[in-house]
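Below are the chains, spelled out letter by letter.
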Amino acid sequence: MDDPAELARRARGGDARAIARLISMIEREDPARLAVLKLLHAWTGRAHVVGITGPPGAGKSTLADKIVSELRGRGRRVAVVAVDPSSPFTGGAILGDRIRMMRHATDEGVFIRSLATRGHLGGLSRATAETVRVLDAAGYDDVIIETVGVGQSEVDVVRLADTVVLVSVPGLGDDIQAIKAGVMEIGDVFCVNKADRDGSERVLREIKSMLENAVLNGAATRFTPLYDAMACMGAASGENAGAEDAVPDDEAHRSFFRQRAPSAADGGSGHHGGTLPGYGSLAIPPVLATVAETGEGVKALVDAVKAHEAALALTGMLATRRRDNLAWELGKALAGRILARLEDDGRRTAVAGLAGSVMDRQTDFYDALDALERMLGSRQP
Amino acid sequence: MDRTIRVLVAKPGLDGHDRGAKVIARALRDAGMEVIYTGLRQTPEQIVSAAIQEDADVIAMSILSGAHNHLFPRVMELLREKKVDDVLVLGGGVIPDDDIPGLKAAGIAEIFTPGSPTPAIIEFIKNNLKRKA
Ligand SMILES: Nc1nc2c(ncn2[C@@H]2O[C@H](COP(=O)(O)OP(=O)(O)O)[C@@H](O)[C@H]2O)c(=O)[nH]1
Ligand SMILES: [Mg+2]
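In this text the structure is predicted, and so the values were computed from the model without any measurement.

Here is what the cut-offs are and how they apply
Residues numbered from 1 in each chain as written. Chains lettered and ligands numbered in written order. Predicted model: local features only at pLDDT ≥ 70, side-chain atom pairs only at ≥ 80, totals over all residues. Heavy atoms only, no water. Helix = DSSP H or I, 4+ residues; strand = E, 2+ residues; numbered from the N terminus. Buried < 20%, exposed > 50% of the residue type's maximum accessible area, 1.4 Å probe, protein only. Contact = heavy atoms within 4.5 Å. Areas by Shrake-Rupley, 256 points an atom, 1.4 Å probe, with all protein chains shown as cover. Lys, Arg positive; Asp, Glu negative; His and termini not counted. Charge placed at Lys NZ, Arg CZ, Asp CG, Glu CD. Pairing = 2+ DSSP bridges. Axes fitted to C-alpha atoms, helices over the stretch in contact; angles between N-to-C directions. Donors = N, O, S within 2.8 Å, 3.2 Å for Na, K, Ca; no water. Buried area = accessible area lost by both parts, 1.4 Å probe. Salt bridge = Lys/Arg side-chain N within 4 Å of Asp/Glu carboxyl O. Polar contact = N/O pair within 3.5 Å; in protein donor to acceptor, adjacent residues only side chain to side chain. Nonpolar A, V, L, I, M, F, W, Y, C, P; charged D, E, K, R; others polar.

1. Focus on the overall build of chain B
Right, so step 1: When helices and strands are tallied, chain B shows five helices and five strands.
Right, so step 2: Each principal axis of the C-alpha atoms in chain B carries an extent, and together these give about 40 × 35 × 25 Å.
Right, so step 3: Here chain B holds 133 residues, and the buried ones make up 56% of them.
Right, so step 4: Across chain B, the fraction of contacts at a sequence separation of at least 24, relative to all contacts at a separation of at least 6, is 73%.
Right, so step 5: Within the structure as shown, chain B displays about 5,900 Å² of accessible surface, and the carbon and sulfur contribution to it stands at 53%.
Right, so step 6: In chain B, 17 side chains carry a positive charge and 18 a negative one; their mean positions are 3 Å apart.

What follows is the structure, given as structure tokens:
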């Protein structure tokens, strides 16, 4: 099993032990994993990667459990990566997400793995990204990432997903929880779970009106083609929700969406050449109520998640999104390498020396930075 | 390279108490281990399959209902079927002294009865891992 080619072959064949071993290698940053990941790379990029994020206790794991059931019913193989924080004091962790999903433990078409954040800072997204790729190459059609929506590293994790479900619940106070400005940069499908509780109507209304405002004031224009495409599939919320009759699914309309999609050439800023006749562009992303405990609303949620995937494909935005995400990941990985080089024994003294001269006002900060870059050989003298 | 010990904590059988298991889970976490907690009423099949997916180094099970003579050996049998021979398996709960030799013969590495001090459990795990730490 230690031979990279053998491990890659077994993982790709869906061998649970090989997949699990490989994920452990990823978690402990074993350099031997790289050879295997390189071999698997050609088989990645097929899975629909779905992020589920929201506050602790919102019902994300319970929801994931029901989403897995729904997707299995649709004949798909599903993997779940559940990320929980490690204790900053002991490095240990209690990973409890699996409790809600044990019914799937013996289903050959389901693979569930709990990850602790461990010490890695930016490394969390690296470890999660690598884990997702292994599961993708192993042939899981959908890979769900569950992560707590607090803190930057957790938010970063959703950059690995094609579709992000942002979960909120009633009763977390008036400040509409973590849902604030810029939220459309994070969520693609909005879910108010625990809809059996008082106050869920209000949370639904608040999220919708916040999204509507963002659409009206232009904060979400780069998503307009996507929302419109989802509206055509009956998956959007807002005034035009369910207006699927208005726009037939034919080549003319498909090309209309393609035209309006932000192209790679204009850096994704998009051009917005008018609206479709008889169809406004006030569509907002899906905002759905669920009761994860009973499964109520989960089918509609999965429909919306799949509509988002279809809309991404239809508008050409899937490629843009994946490319942007990979560019971000490359940047993070490069930063990691640079930091590692600075940690080198020889260099650490040099960095400390430079920091000292900045402190003593002998060098200014930016000259010190240039000197560091020269030292790493990434800047011309 | 950081080699964190991963422990799957499970409650097979039908009894409805998991306070003891939760106390152990917390103690193991505080000792720097990652505890995958799987909750109540798990079948041996679920436990083994979860342990494989989680790549657990240790399976720690506790039973209060008296079904240990059936369920513990069944877990060992399933592990053997799946050719998993590098996982340390521990049992706990209300287990009569007379049953312990049989369970050990079946492959359970150690039995911890109620009142076993948690540091002893932690020590045992650290000293008996079947994989290189
Ligand atoms: N009333 C109610 N409780 C729920 C619902 N969904 C989940 N819960 C409960 O909320 C608690 C936290 O659920 P969990 O899925 O672990 O939340 P997570 O921390 O977001 O993963 C559990 O006790 C669930 O049973 C729901 O729709 N309604
Ligand atoms: Mg959870």
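2. Focus on the sheet that holds strand S3 (residues 58-63) of chain B
Right, so step 1: Ordered by their spatial adjacency, six strands build an open sheet running S3(A)-S2(B)-S1(B)-S3(B)-S4(B)-S5(B), and the pairing between neighbours is parallel. Bordering the open sheet on either side are strand S3 (93-95) of chain A together with strand S5 (110-112) of chain B, each of which pairs with just one other strand. Sheet twist, expressed as the mean angle between neighbouring strand axes with direction ignored, is 25°.
Right, so step 2: Looking at chain direction, strand S1 (residues 6-10) of chain B and strand S2 (residues 34-37) of chain B are connected through four bridges and run parallel.

3. What about the coordination of the magnesium ion (ligand 2)?
Residue and element names in this part refer to chain A.
Right, so step 1: Those donors, Ser 61 (OG), Asp 97 (OD) and Glu 146 (OE), are the protein atoms that reach the magnesium ion (ligand 2), and they lie 2.1 Å from it.
Right, so step 2: Every donor residue of the magnesium ion (ligand 2) comes from the same chain, spaced as S-x35-D-x48-E. Residue Ser 61 is located in helix H4 (residues 60-73), and its partner Asp 97 is located in the loop between S3 and strand S4 (110-116); the two are separated by 36 residues in the primary sequence. Of the two residues, Ser 61 and Asp 97, neither departs from the other in class, the shared state being buried.

4. Notes on the interface of chain A and chain B
Right, so step 1: On the side of chain B, 31 residues touch chain A, which itself brings 29 residues to the contact.
Right, so step 2: Carbon and sulfur atoms supply 51% of the area buried between chain A and chain B, which totals about 2,500 Å² over both sides.
Right, so step 3: Between A:Arg98 and B:Glu54 there is a salt bridge, and its shortest N-O distance comes to 2.7 Å.
Right, so step 4: Linking chain A with chain B are 20 residue pairs in polar contact (both at pLDDT 80 or more), by the criterion used here.
Right, so step 5: Of all the secondary structure elements, the ones that give two or more residues to the side of chain A that touches chain B are helix H2 (16-27), S3 and S4 of chain A.
Right, so step 6: When grouped by side-chain class, the residues that make up the side of chain A that touches chain B number 13 nonpolar, seven polar and nine charged.
Right, so step 7: For S3(A) and S2(B), the ladder comprises three bridges, and the chain directions are parallel. When the sheet's bridge partners are listed, A:Ala93 is paired in S2(B) with B:Glu34.

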